[in-house]
Amino acid sequence: MSLVSPELLTRFDVPGPRYTSYPTADRFVEAFGERDYILALQQRSVGTSAKALPLSLYVHIPFCESLCYYCACNKIITRHHDRADVYLRYLSREVELHTAHCGQGQVVSQLHLGGGSPTFLSDDGLRELMTMLRKHFTLAADGEYSIEIDPRTVDAGRLAVLAELGFNRLSFGVQDFDPEVQKAVHRIQPAEQVFALVEAARALGFASINIDLIYGLPRQTPASFERTLAQVAQLRPDRIALYAYAHLPERFKPQRRIVWADLPMASAKVGMLARALDSFSQAGYVYVGMDHFALPDDALAVAKRQGRLHRNFQGYSTQPDCDLIALGVSAIGRVGATYSQNAKTLDEYYDHLNQNRLPIVRGLALTRDDLVRRAVIMALMCQGELLFEPLESAWLIDFRQYFATELAQLQEMAGQGLVTFHADGVQVTDMGWYFVRGIAMTFDRYLQADRNRTRFSRII
(Lines give C-alpha, C1' and ligand atoms only; values in the text may rest on other atoms or scores of the structure.)
Protein backbone atom coordinates (compact mmCIF):
# COMPACT_ATOMS: atom_id res chain seq x y z
CA MET A 1 0.00 0.00 0.00
CA SER A 2 2.85 2.39 0.70
CA LEU A 3 3.77 2.21 -3.01
CA VAL A 4 0.47 3.87 -3.96
CA SER A 5 1.67 7.41 -3.40
CA PRO A 6 -0.46 10.57 -3.75
CA GLU A 7 1.89 11.54 -6.61
CA LEU A 8 1.04 8.38 -8.56
CA LEU A 9 -2.67 8.83 -7.85
CA THR A 10 -2.46 12.39 -9.18
CA ARG A 11 -0.64 11.26 -12.34
CA PHE A 12 -3.51 8.91 -13.22
CA ASP A 13 -6.31 11.28 -12.22
CA VAL A 14 -7.81 11.40 -15.73
CA PRO A 15 -11.32 10.71 -17.13
CA GLY A 16 -12.04 7.16 -18.23
CA PRO A 17 -14.79 4.51 -18.53
CA ARG A 18 -15.73 2.14 -15.72
CA TYR A 19 -15.95 -0.75 -18.23
CA THR A 20 -19.15 -2.31 -16.98
CA SER A 21 -19.33 -3.04 -20.69
CA TYR A 22 -17.18 -2.75 -23.78
CA PRO A 23 -17.94 -0.92 -25.96
CA THR A 24 -19.22 1.58 -23.41
CA ALA A 25 -22.82 2.83 -23.37
CA ASP A 26 -21.91 6.16 -24.97
CA ARG A 27 -21.27 4.17 -28.18
CA PHE A 28 -24.86 2.89 -28.40
CA VAL A 29 -26.78 3.98 -31.50
CA GLU A 30 -30.47 4.59 -32.20
CA ALA A 31 -30.19 2.46 -35.35
CA PHE A 32 -30.31 -0.53 -32.99
CA GLY A 33 -33.94 -0.98 -31.97
CA GLU A 34 -36.63 -3.39 -30.85
CA ARG A 35 -36.36 -5.63 -33.91
CA ASP A 36 -32.63 -6.19 -33.34
CA TYR A 37 -33.23 -6.96 -29.68
CA ILE A 38 -36.02 -9.43 -30.40
CA LEU A 39 -33.73 -11.23 -32.84
CA ALA A 40 -31.10 -11.55 -30.07
CA LEU A 41 -33.75 -12.93 -27.66
CA GLN A 42 -34.95 -15.43 -30.25
CA GLN A 43 -31.42 -16.57 -31.03
CA ARG A 44 -30.93 -17.18 -27.33
CA SER A 45 -34.15 -19.20 -27.12
CA VAL A 46 -33.07 -21.59 -29.90
CA GLY A 47 -29.38 -21.83 -28.95
CA THR A 48 -28.74 -24.84 -26.74
CA SER A 49 -25.60 -23.42 -25.13
CA ALA A 50 -27.24 -20.08 -24.33
CA LYS A 51 -30.33 -21.76 -22.89
CA ALA A 52 -28.15 -23.85 -20.61
CA LEU A 53 -26.64 -20.72 -19.05
CA PRO A 54 -28.61 -18.87 -16.38
CA LEU A 55 -29.80 -15.32 -16.84
CA SER A 56 -29.16 -12.20 -14.85
CA LEU A 57 -32.02 -9.76 -14.27
CA TYR A 58 -31.77 -6.06 -13.51
CA VAL A 59 -34.87 -4.09 -12.52
CA HIS A 60 -34.69 -0.29 -12.42
CA ILE A 61 -36.98 1.46 -9.93
CA PRO A 62 -36.57 5.17 -10.76
CA PHE A 63 -38.44 6.81 -7.87
CA CYS A 64 -36.95 8.69 -4.90
CA GLU A 65 -38.73 10.70 -2.21
CA SER A 66 -36.03 13.38 -2.04
CA LEU A 67 -33.22 14.67 -4.24
CA CYS A 68 -29.57 13.92 -3.42
CA TYR A 69 -27.57 16.72 -5.01
CA TYR A 70 -24.61 14.54 -6.05
CA CYS A 71 -26.75 11.98 -7.88
CA ALA A 72 -26.16 11.18 -11.55
CA CYS A 73 -28.67 8.31 -11.74
CA ASN A 74 -31.86 8.26 -13.79
CA LYS A 75 -34.46 9.06 -11.13
CA ILE A 76 -37.83 10.68 -10.56
CA ILE A 77 -38.37 12.69 -7.39
CA THR A 78 -41.89 12.22 -6.00
CA ARG A 79 -43.77 11.56 -2.78
CA HIS A 80 -46.73 10.08 -4.68
CA HIS A 81 -46.29 6.37 -4.07
CA ASP A 82 -49.24 5.51 -6.28
CA ARG A 83 -46.93 6.21 -9.24
CA ALA A 84 -45.07 3.03 -8.31
CA ASP A 85 -48.30 1.02 -8.66
CA VAL A 86 -48.65 2.18 -12.25
CA TYR A 87 -44.98 1.47 -12.91
CA LEU A 88 -45.27 -2.11 -11.64
CA ARG A 89 -48.12 -2.77 -14.08
CA TYR A 90 -45.93 -1.65 -16.97
CA LEU A 91 -42.99 -3.71 -15.69
CA SER A 92 -45.25 -6.75 -15.73
CA ARG A 93 -46.13 -6.06 -19.35
CA GLU A 94 -42.46 -5.69 -20.25
CA VAL A 95 -41.69 -9.06 -18.66
CA GLU A 96 -44.53 -10.70 -20.58
CA LEU A 97 -43.16 -9.34 -23.86
CA HIS A 98 -39.72 -10.70 -22.99
CA THR A 99 -40.89 -14.22 -22.19
CA ALA A 100 -42.97 -14.27 -25.37
CA HIS A 101 -39.67 -14.13 -27.27
CA CYS A 102 -37.19 -15.98 -25.02
CA GLY A 103 -39.51 -18.49 -23.36
CA GLN A 104 -41.14 -18.95 -19.99
CA GLY A 105 -39.28 -20.23 -16.93
CA GLN A 106 -35.71 -19.25 -17.86
CA VAL A 107 -33.37 -19.88 -14.93
CA VAL A 108 -32.09 -16.73 -13.19
CA SER A 109 -28.99 -16.89 -10.98
CA GLN A 110 -28.62 -13.17 -10.31
CA LEU A 111 -31.17 -10.43 -9.65
CA HIS A 112 -30.42 -6.82 -8.80
CA LEU A 113 -32.89 -4.05 -7.98
CA GLY A 114 -31.41 -0.61 -8.52
CA GLY A 115 -32.58 2.93 -8.94
CA GLY A 116 -33.52 5.53 -7.89
CA SER A 117 -34.53 3.90 -4.62
CA PRO A 118 -35.97 0.38 -4.93
CA THR A 119 -37.13 0.70 -1.33
CA PHE A 120 -39.47 3.49 -2.54
CA LEU A 121 -41.75 0.52 -3.26
CA SER A 122 -44.03 -0.48 -0.40
CA ASP A 123 -43.81 -3.95 1.10
CA ASP A 124 -46.84 -4.93 -0.97
CA GLY A 125 -45.21 -3.43 -4.06
CA LEU A 126 -42.03 -5.45 -3.49
CA ARG A 127 -44.14 -8.59 -2.99
CA GLU A 128 -46.00 -7.89 -6.22
CA LEU A 129 -42.74 -7.43 -8.11
CA MET A 130 -41.14 -10.62 -6.81
CA THR A 131 -44.32 -12.66 -7.40
CA MET A 132 -44.41 -11.39 -10.97
CA LEU A 133 -40.74 -12.25 -11.59
CA ARG A 134 -41.16 -15.74 -10.11
CA LYS A 135 -44.20 -16.30 -12.30
CA HIS A 136 -42.16 -15.77 -15.46
CA PHE A 137 -38.64 -16.86 -14.43
CA THR A 138 -37.15 -19.64 -12.31
CA LEU A 139 -34.99 -18.14 -9.57
CA ALA A 140 -32.14 -20.54 -8.77
CA ALA A 141 -31.95 -21.71 -5.17
CA ASP A 142 -28.29 -20.69 -4.88
CA GLY A 143 -28.62 -17.39 -6.74
CA GLU A 144 -27.54 -13.91 -5.70
CA TYR A 145 -30.48 -11.60 -5.12
CA SER A 146 -29.54 -8.05 -4.19
CA ILE A 147 -31.27 -4.72 -3.63
CA GLU A 148 -30.04 -1.17 -3.13
CA ILE A 149 -31.21 0.34 0.16
CA ASP A 150 -31.85 3.97 1.05
CA PRO A 151 -31.42 3.78 4.85
CA ARG A 152 -33.99 6.55 5.28
CA THR A 153 -36.74 4.35 3.80
CA VAL A 154 -36.37 1.12 5.79
CA ASP A 155 -36.44 -0.24 9.32
CA ALA A 156 -35.79 -3.70 10.78
CA GLY A 157 -39.30 -4.78 9.83
CA ARG A 158 -38.79 -3.86 6.17
CA LEU A 159 -35.47 -5.72 6.13
CA ALA A 160 -37.32 -8.80 7.41
CA VAL A 161 -39.72 -8.48 4.46
CA LEU A 162 -36.77 -8.36 2.05
CA ALA A 163 -35.36 -11.54 3.60
CA GLU A 164 -38.78 -13.18 3.32
CA LEU A 165 -38.93 -12.27 -0.37
CA GLY A 166 -35.63 -14.02 -1.07
CA PHE A 167 -33.13 -11.17 -1.13
CA ASN A 168 -29.80 -12.31 0.31
CA ARG A 169 -27.59 -9.29 -0.37
CA LEU A 170 -28.08 -5.65 0.59
CA SER A 171 -26.30 -2.48 -0.47
CA PHE A 172 -26.71 0.57 1.78
CA GLY A 173 -26.17 4.03 0.31
CA VAL A 174 -24.10 5.74 3.01
CA GLN A 175 -21.80 8.11 1.05
CA ASP A 176 -20.47 9.89 4.18
CA PHE A 177 -21.30 9.88 7.89
CA ASP A 178 -20.36 13.52 8.49
CA PRO A 179 -23.48 15.65 9.27
CA GLU A 180 -22.13 18.73 7.46
CA VAL A 181 -21.43 16.75 4.30
CA GLN A 182 -24.88 15.17 4.50
CA LYS A 183 -26.47 18.64 4.70
CA ALA A 184 -24.44 19.83 1.71
CA VAL A 185 -25.70 16.94 -0.46
CA HIS A 186 -29.26 16.96 0.95
CA ARG A 187 -29.12 13.43 2.39
CA ILE A 188 -29.51 13.34 6.17
CA GLN A 189 -29.12 9.87 7.69
CA PRO A 190 -27.52 9.60 11.15
CA ALA A 191 -24.75 7.05 11.56
CA GLU A 192 -26.71 5.44 14.41
CA GLN A 193 -29.51 4.64 11.97
CA VAL A 194 -27.16 2.88 9.55
CA PHE A 195 -25.45 0.93 12.34
CA ALA A 196 -28.82 -0.28 13.65
CA LEU A 197 -29.92 -1.38 10.17
CA VAL A 198 -26.70 -3.29 9.50
CA GLU A 199 -27.03 -5.01 12.87
CA ALA A 200 -30.61 -5.99 12.04
CA ALA A 201 -29.57 -7.25 8.60
CA ARG A 202 -26.90 -9.46 10.16
CA ALA A 203 -29.41 -10.87 12.61
CA LEU A 204 -31.69 -11.73 9.68
CA GLY A 205 -28.88 -13.71 8.01
CA PHE A 206 -28.19 -11.73 4.84
CA ALA A 207 -25.19 -13.29 3.10
CA SER A 208 -23.45 -10.03 2.24
CA ILE A 209 -23.86 -6.39 3.23
CA ASN A 210 -22.30 -3.62 1.13
CA ILE A 211 -22.01 0.07 1.86
CA ASP A 212 -21.37 2.78 -0.73
CA LEU A 213 -19.03 5.66 0.06
CA ILE A 214 -18.17 8.74 -2.00
CA TYR A 215 -15.07 10.92 -1.65
CA GLY A 216 -14.77 14.41 -3.09
CA LEU A 217 -18.19 15.60 -1.84
CA PRO A 218 -18.85 19.22 -0.81
CA ARG A 219 -17.60 20.21 2.68
CA GLN A 220 -15.67 16.95 2.88
CA THR A 221 -12.16 17.32 4.30
CA PRO A 222 -9.39 14.81 4.91
CA ALA A 223 -10.13 15.12 8.65
CA SER A 224 -13.88 14.60 8.30
CA PHE A 225 -13.40 11.69 5.91
CA GLU A 226 -10.94 10.14 8.35
CA ARG A 227 -13.75 10.05 10.92
CA THR A 228 -16.06 8.39 8.39
CA LEU A 229 -13.39 5.77 7.64
CA ALA A 230 -13.05 5.02 11.36
CA GLN A 231 -16.81 4.50 11.58
CA VAL A 232 -16.74 2.22 8.54
CA ALA A 233 -14.01 0.13 10.17
CA GLN A 234 -16.25 -0.17 13.25
CA LEU A 235 -19.30 -1.05 11.12
CA ARG A 236 -17.27 -3.67 9.22
CA PRO A 237 -19.54 -4.38 6.24
CA ASP A 238 -18.76 -7.40 4.08
CA ARG A 239 -18.14 -5.17 1.07
CA ILE A 240 -17.31 -1.53 0.45
CA ALA A 241 -17.76 0.42 -2.77
CA LEU A 242 -15.70 3.63 -2.77
CA TYR A 243 -16.58 6.05 -5.57
CA ALA A 244 -15.06 9.35 -6.61
CA TYR A 245 -17.59 12.16 -6.90
CA ALA A 246 -17.69 13.44 -10.48
CA HIS A 247 -18.91 17.05 -10.56
CA LEU A 248 -20.58 17.43 -13.97
CA PRO A 249 -23.33 20.03 -13.42
CA GLU A 250 -23.61 20.66 -17.15
CA ARG A 251 -24.86 17.06 -17.53
CA PHE A 252 -26.63 16.41 -14.23
CA LYS A 253 -28.97 19.18 -13.09
CA PRO A 254 -29.13 18.18 -9.39
CA GLN A 255 -25.40 18.91 -9.10
CA ARG A 256 -26.06 22.56 -9.89
CA ARG A 257 -27.29 22.89 -6.30
CA ILE A 258 -23.82 22.07 -5.02
CA VAL A 259 -21.70 25.10 -4.19
CA TRP A 260 -18.54 24.76 -6.24
CA ALA A 261 -16.45 26.48 -3.54
CA ASP A 262 -17.49 23.75 -1.07
CA LEU A 263 -15.81 21.01 -3.14
CA PRO A 264 -12.44 19.78 -1.84
CA MET A 265 -9.33 20.64 -3.82
CA ALA A 266 -7.82 17.95 -6.03
CA SER A 267 -4.93 17.43 -3.59
CA ALA A 268 -7.35 16.88 -0.70
CA LYS A 269 -9.39 14.45 -2.80
CA VAL A 270 -6.32 12.40 -3.68
CA GLY A 271 -5.32 12.41 -0.02
CA MET A 272 -8.73 11.04 0.97
CA LEU A 273 -8.39 8.21 -1.53
CA ALA A 274 -4.88 7.35 -0.37
CA ARG A 275 -6.04 7.32 3.25
CA ALA A 276 -9.06 5.15 2.40
CA LEU A 277 -6.85 2.59 0.67
CA ASP A 278 -4.64 2.40 3.77
CA SER A 279 -7.62 2.23 6.11
CA PHE A 280 -9.35 -0.62 4.28
CA SER A 281 -6.09 -2.55 3.96
CA GLN A 282 -5.38 -2.19 7.68
CA ALA A 283 -8.93 -3.35 8.43
CA GLY A 284 -8.29 -6.56 6.48
CA TYR A 285 -10.24 -5.86 3.30
CA VAL A 286 -9.19 -7.39 -0.03
CA TYR A 287 -8.98 -4.96 -2.93
CA VAL A 288 -11.23 -6.63 -5.51
CA GLY A 289 -10.68 -4.11 -8.27
CA MET A 290 -11.36 -0.50 -9.17
CA ASP A 291 -13.44 0.83 -6.27
CA HIS A 292 -14.55 -2.44 -4.64
CA PHE A 293 -13.27 -3.98 -1.42
CA ALA A 294 -14.40 -7.12 0.41
CA LEU A 295 -13.56 -9.11 3.51
CA PRO A 296 -11.45 -12.18 2.70
CA ASP A 297 -14.30 -14.66 3.28
CA ASP A 298 -16.85 -12.72 1.23
CA ALA A 299 -17.92 -14.40 -2.03
CA LEU A 300 -16.51 -11.53 -4.09
CA ALA A 301 -13.03 -11.83 -2.55
CA VAL A 302 -13.17 -15.62 -2.90
CA ALA A 303 -14.14 -15.31 -6.58
CA LYS A 304 -11.20 -13.01 -7.23
CA ARG A 305 -8.84 -15.41 -5.47
CA GLN A 306 -10.11 -18.33 -7.54
CA GLY A 307 -10.13 -16.45 -10.86
CA ARG A 308 -13.95 -16.54 -11.13
CA LEU A 309 -14.57 -12.80 -11.02
CA HIS A 310 -16.87 -11.33 -13.68
CA ARG A 311 -18.10 -7.87 -14.54
CA ASN A 312 -21.45 -6.59 -15.80
CA PHE A 313 -23.52 -3.40 -15.76
CA GLN A 314 -23.87 -3.65 -11.97
CA GLY A 315 -20.12 -3.94 -11.44
CA TYR A 316 -18.14 -6.94 -10.20
CA SER A 317 -19.99 -10.23 -9.87
CA THR A 318 -19.33 -13.82 -8.80
CA GLN A 319 -21.86 -15.14 -11.30
CA PRO A 320 -20.91 -16.62 -14.68
CA ASP A 321 -20.61 -14.26 -17.63
CA CYS A 322 -24.23 -14.56 -18.76
CA ASP A 323 -26.94 -12.68 -20.60
CA LEU A 324 -28.54 -9.80 -18.69
CA ILE A 325 -32.17 -8.86 -19.23
CA ALA A 326 -32.77 -5.29 -18.08
CA LEU A 327 -36.25 -4.17 -17.09
CA GLY A 328 -37.61 -0.71 -16.45
CA VAL A 329 -37.01 2.83 -17.62
CA SER A 330 -33.42 3.52 -18.87
CA ALA A 331 -32.23 0.00 -17.97
CA ILE A 332 -29.29 -1.43 -19.97
CA GLY A 333 -29.02 -5.12 -20.84
CA ARG A 334 -26.90 -7.55 -22.77
CA VAL A 335 -28.12 -10.51 -24.81
CA GLY A 336 -25.70 -12.45 -26.97
CA ALA A 337 -23.40 -10.08 -28.85
CA THR A 338 -25.70 -7.10 -28.35
CA TYR A 339 -26.28 -4.33 -25.83
CA SER A 340 -29.58 -2.49 -25.52
CA GLN A 341 -31.12 0.34 -23.51
CA ASN A 342 -34.72 1.14 -22.65
CA ALA A 343 -36.38 4.53 -23.06
CA LYS A 344 -35.06 7.07 -20.57
CA THR A 345 -38.34 8.82 -19.69
CA LEU A 346 -41.48 7.34 -18.18
CA ASP A 347 -43.71 8.77 -20.91
CA GLU A 348 -41.67 7.18 -23.68
CA TYR A 349 -41.30 3.91 -21.74
CA TYR A 350 -45.05 3.71 -21.17
CA ASP A 351 -45.81 4.69 -24.77
CA HIS A 352 -43.79 1.79 -26.19
CA LEU A 353 -45.50 -0.71 -23.90
CA ASN A 354 -48.94 0.74 -24.66
CA GLN A 355 -48.18 -0.12 -28.28
CA ASN A 356 -47.25 -3.66 -27.25
CA ARG A 357 -43.61 -2.99 -28.08
CA LEU A 358 -40.47 -3.55 -26.05
CA PRO A 359 -39.14 -0.12 -25.01
CA ILE A 360 -35.72 -0.45 -26.66
CA VAL A 361 -34.54 2.93 -28.01
CA ARG A 362 -30.85 2.32 -28.69
CA GLY A 363 -28.15 -0.31 -28.48
CA LEU A 364 -25.27 -1.93 -30.30
CA ALA A 365 -24.49 -5.11 -32.21
CA LEU A 366 -20.87 -5.91 -31.41
CA THR A 367 -18.32 -6.47 -34.18
CA ARG A 368 -15.69 -9.20 -34.01
CA ASP A 369 -13.10 -6.61 -33.00
CA ASP A 370 -15.43 -5.40 -30.22
CA LEU A 371 -15.72 -8.96 -28.91
CA VAL A 372 -11.96 -9.51 -28.99
CA ARG A 373 -11.27 -6.26 -27.16
CA ARG A 374 -14.06 -6.94 -24.67
CA ALA A 375 -12.43 -10.26 -23.80
CA VAL A 376 -9.09 -8.51 -23.28
CA ILE A 377 -10.50 -5.65 -21.20
CA MET A 378 -12.57 -7.98 -19.01
CA ALA A 379 -9.53 -10.22 -18.46
CA LEU A 380 -7.65 -7.16 -17.20
CA MET A 381 -10.54 -5.86 -15.09
CA CYS A 382 -11.43 -9.22 -13.52
CA GLN A 383 -8.30 -11.41 -13.48
CA GLY A 384 -5.62 -8.75 -13.80
CA GLU A 385 -3.81 -10.82 -16.40
CA LEU A 386 -3.61 -11.30 -20.15
CA LEU A 387 -2.59 -14.79 -21.24
CA PHE A 388 -1.80 -14.68 -24.95
CA GLU A 389 -2.37 -18.32 -25.93
CA PRO A 390 -5.98 -18.72 -24.66
CA LEU A 391 -6.98 -15.43 -26.31
CA GLU A 392 -5.26 -16.44 -29.55
CA SER A 393 -7.03 -19.82 -29.56
CA ALA A 394 -10.43 -18.32 -28.75
CA TRP A 395 -10.27 -15.56 -31.36
CA LEU A 396 -7.82 -16.95 -33.95
CA ILE A 397 -5.45 -13.99 -33.74
CA ASP A 398 -1.75 -13.44 -33.24
CA PHE A 399 -2.01 -11.39 -30.03
CA ARG A 400 1.36 -9.66 -30.33
CA GLN A 401 0.63 -8.64 -33.90
CA TYR A 402 -3.03 -7.71 -33.38
CA PHE A 403 -2.23 -5.52 -30.37
CA ALA A 404 1.28 -4.34 -31.25
CA THR A 405 0.47 -0.69 -30.57
CA GLU A 406 -1.27 -1.45 -27.27
CA LEU A 407 1.57 -3.66 -26.03
CA ALA A 408 4.02 -0.84 -26.74
CA GLN A 409 1.93 1.43 -24.51
CA LEU A 410 1.88 -1.23 -21.81
CA GLN A 411 5.67 -1.26 -21.88
CA GLU A 412 5.56 2.32 -20.62
CA MET A 413 3.25 1.25 -17.80
CA ALA A 414 5.64 -1.56 -16.99
CA GLY A 415 8.28 1.11 -16.41
CA GLN A 416 5.90 2.71 -13.88
CA GLY A 417 5.46 -0.58 -12.04
CA LEU A 418 1.82 -1.11 -13.06
CA VAL A 419 2.26 -4.27 -15.18
CA THR A 420 4.90 -6.90 -15.76
CA PHE A 421 5.58 -8.84 -18.94
CA HIS A 422 6.31 -12.56 -18.91
CA ALA A 423 6.70 -15.21 -21.61
CA ASP A 424 2.98 -16.06 -21.68
CA GLY A 425 1.42 -12.63 -21.30
CA VAL A 426 1.03 -9.55 -19.13
CA GLN A 427 0.30 -9.39 -15.38
CA VAL A 428 -1.17 -6.41 -13.52
CA THR A 429 0.93 -5.73 -10.42
CA ASP A 430 -0.51 -5.25 -6.93
CA MET A 431 -0.01 -1.52 -7.39
CA GLY A 432 -1.40 -1.66 -10.94
CA TRP A 433 -4.75 -2.96 -9.61
CA TYR A 434 -5.47 0.53 -8.30
CA PHE A 435 -5.13 1.92 -11.84
CA VAL A 436 -6.68 -0.97 -13.76
CA ARG A 437 -9.14 1.36 -15.54
CA GLY A 438 -6.20 3.24 -17.01
CA ILE A 439 -4.53 -0.01 -18.08
CA ALA A 440 -7.74 -1.26 -19.73
CA MET A 441 -8.17 2.04 -21.58
CA THR A 442 -5.11 1.10 -23.63
CA PHE A 443 -7.22 -1.50 -25.49
CA ASP A 444 -10.28 0.72 -26.02
CA ARG A 445 -10.25 1.39 -29.76
CA TYR A 446 -13.01 3.98 -29.55
CA LEU A 447 -11.35 5.90 -26.75
CA GLN A 448 -7.97 5.92 -28.45
CA ALA A 449 -9.60 7.42 -31.56
CA ASP A 450 -11.67 9.93 -29.58
CA ARG A 451 -9.76 12.13 -27.18
CA ASN A 452 -12.93 13.83 -25.89
CA ARG A 453 -13.09 11.92 -22.61
CA THR A 454 -14.70 14.57 -20.43
CA ARG A 455 -18.01 12.70 -20.51
CA PHE A 456 -16.48 10.02 -18.25
CA SER A 457 -15.83 10.19 -14.53
CA ARG A 458 -12.22 10.49 -13.45
CA ILE A 459 -10.27 7.29 -12.74
CA ILE A 460 -9.24 8.53 -9.29
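About the thresholds
Residues numbered from 1 in each chain as written. Predicted model: local features only at pLDDT ≥ 70, side-chain atom pairs only at ≥ 80, totals over all residues. Heavy atoms only, no water. Pairing = 2+ DSSP bridges. Helix = DSSP H or I, 4+ residues; strand = E, 2+ residues; numbered from the N terminus. Axes fitted to C-alpha atoms, helices over the stretch in contact; angles between N-to-C directions. Contact = heavy atoms within 4.5 Å. Core = buried A, V, L, I, M, F, W, Y, C linked by side-chain atoms within 4.5 Å. Buried < 20%, exposed > 50% of the residue type's maximum accessible area, 1.4 Å probe, protein only. Parallel < 35°, antiparallel > 145°, perpendicular 65-115°, else oblique. Left-handed = near helix turned anticlockwise from the far one by under 90°. Nonpolar A, V, L, I, M, F, W, Y, C, P; charged D, E, K, R; others polar. Expected span 1.5 Å × (residues − 1). Arc of directions from axis to C-beta. Phe/Tyr/Trp six-rings, centres within 6.5 Å; stacked < 30°, edge-to-face > 60°. Lys NZ or Arg CZ within 6 Å of the ring centre and 35° of its normal. Right-handed = clockwise from strand over helix to strand, strands pointing away.

A.B. asks: I'm lost on the sheet that holds strand β18 (residues 419-422) in this one. Help?
C.D. replies: Within a sheet, adjacent strands bond to each other through the backbone by hydrogen bonds, running parallel or antiparallel. Taken in spatial order, the three strands of this open sheet run β17-β19-β18, and their pairing is antiparallel. Sheet topology places β17 (385-387) and β18 at the edges, where each strand pairs with a single neighbour. Across the sheet, the axes of successive neighbouring strands diverge by a mean angle of 20°, strand direction being ignored. Each of β18 and β19 (425-428) touches helix α16 (residues 404-415); the most contacted strand, β18, lies at about 120° to it.

A.B. asks: Explain the nonpolar core to me, please; I cannot follow it from the model alone.
C.D. replies: Soluble globular proteins tend to pack their nonpolar side chains together in the buried interior. One finds L91, L129, L133, F167, F172, F280 and F399 to be the most contacted residues of the largest nonpolar core, which totals 126 residues. Among the elements that take part in this core, helix α4 (residues 82-102) stands out by supplying eight residues, more than any other. Filtering out sequence-adjacent residues up to four positions away, L91 remains in contact with V59, I61, L129, M132, L327, G328 and Y349. Among the nonpolar cores identified, the runner-up in size contains 12 residues, and I214, L217, Y245 and L263 belong to it.

A.B. asks: It is not clear to me how unusual backbone geometry should be interpreted in this structure. Could you clarify?
C.D. replies: Note on backbone geometry: most residues besides glycine have negative phi, and most peptide bonds are trans. Between Y22 and P23 the backbone carries a cis peptide bond, its omega angle lying at -10°. Position of P23 relative to the elements: it lies in the loop between α1 (6-11) and α2 (34-46). Between G115 and the following residue, G116, the backbone shows a cis peptide bond with an omega angle of 20°. The topology assignment puts G116 in the loop between β4 (106-115) and α5 (123-136). The phi dihedral of R219 is positive, around 65°, even though this residue is not glycine. Inspection of the secondary structure puts R219 in the loop between β7 (208-215) and α9 (222-235). Owing to a relative accessible area of 38%, R219 belongs among the partly exposed residues under this scheme. Look at S330: it is not a glycine, yet its phi comes out positive at around 70°. The topology assignment puts S330 in the loop between β13 (324-327) and β14 (332-335).

A.B. asks: Would you explain the side chain of Q175 in this entry?
C.D. replies: By secondary structure assignment, the location of Q175 is in strand β6 (residues 169-175). Aside from chain neighbours lying at most four places away, what touches Q175 is Y70, R187, D212, L213, I214 and L217.

A.B. asks: Help me understand the environment of Y350, please; the structure alone is not making it clear to me.
C.D. replies: Residue placement: Y350 occurs in helix α12 (residues 346-354). For Y350, a relative accessible area of 14% corresponds to the buried category. Linking Y350 and L91, residues 259 residues apart in sequence, is a C-alpha distance of 9.5 Å. Once you skip the residues sitting within four places of it in the chain, Y350 turns out to touch R83, V86, Y87 and Y90.

A.B. asks: Before we go on, may I ask you to explain the packing of helix α8 (residues 191-204) against α9 in this structure?
C.D. replies: Helix-helix packing is characterised by the crossing angle of the two axes and by the distance between the axes. Here α8 crosses α9 at 20°, and the two axes come no closer than 11 Å. On the basis of their axis angle, the class for α8 and α9 is roughly parallel. The hand of the α8/α9 crossing is right-handed. Counting all contacts with α8, which are made through A191, V194, F195, V198 and R202, the residues of α9 involved are Q231, Q234 and L235.

A.B. asks: Sorry, what's going on with the side chain of R373 here?
C.D. replies: Here R373 shows up in helix α13 (residues 368-383). With near-sequence residues (within four places) excluded, R373 lies in contact with Y22, F403, E406, F443 and R445.

A.B. asks: Whenever I open this one, the packing of α2 against α4 confuses me. Can you help?
C.D. replies: Contact geometry of α2 with α4 gives a least axis separation of 7 Å together with a crossing angle of 50°. Comparing their axes, α4 and α2 come out oblique. On α4, the residues that touch Y37, I38, L41, Q42 and S45 of α2 are H98, H101 and C102. Considered class by class, the residues forming the contact of α2 with α4 number four nonpolar, four polar and no charged.

A.B. asks: Looking at this structure, I do not really get α5. What am I missing?
C.D. replies: Residues separated by three or four positions in an α-helix point in the same direction, a consequence of the helix having 3.6 residues per turn. Relative to the 20 Å expected for 14 residues at 1.5 Å per residue, α5 spans 20 Å between its end C-alpha atoms, a close match to the ideal helical length. Buried residues along α5 sit in contact with β1 (55-61), α4, β4, β5 (137-149), α6 (156-164) and β13.

A.B. asks: Can you help me understand helix α14 (residues 388-395) in this one?
C.D. replies: Listed in full, the buried residues belonging to α14 are F388, L391 and E392. Looking straight down α14, one finds its buried side chains confined to an arc of 100°; they lie on one side. Looking at the buried side of α14, the elements it contacts are α13, β17, α15 (399-402), α16 and β19. Looking one or two places after α14, you find L396, whose phi comes out positive at around 55°.

A.B. asks: Which parts of the structure should I look at to understand the packing of aromatic side chains?
C.D. replies: Two descriptors summarise a pair of aromatic rings, namely the distance from one centre to the other and the angle between the planes of the rings. Per the stated rule, a full pass over the model turns up 16 aromatic pairs. Seen in terms of ring centroids, Y90 and Y350 are 4.0 Å apart; in terms of plane orientation they differ by 20°. Their pairing is stacked. With Y90 in helix α4 and Y350 in helix α12, the pair connects residues that are 260 residues apart, well separated along the chain. Between F313 and Y339 the ring centres are 5.6 Å apart and the planes differ by 80°, which places this aromatic pair in the edge-to-face class. With F313 in the loop between β11 (310-312) and β12 (315-317) and Y339 in strand β15 (residues 338-342), this residue pair connects regions lying 26 residues apart in the sequence. Ring pairing ties together the aromatic residues F63, Y87, Y90, F120, Y349 and Y350, which thus form one cluster. Across from the ring centre of Y285, 5.7 Å away, lies the NZ or CZ of R236, which sits over that ring. Positioned above the aromatic ring of Y316, the side-chain terminus of R311 is 4.5 Å from the ring centre.

A.B. asks: Please explain the pairing of strand β8 (residues 239-244) as it appears in this structure.
C.D. replies: For a regular strand, side-chain orientation follows a simple rule: the groups alternate between the two sheet faces. In terms of strand pairing, β7 meets β8 through six bridges, oriented parallel. By the bridge assignment, L213 is partnered in β8 with L242. Since β7 and β8 lie parallel, the crossover through α9 that links them has a hand, and here it is right-handed. Where β8 and strand β10 (residues 292-294) come together, three bridges link them in antiparallel fashion. Residue pairing for β10: A241 is matched across the bridge by H292.

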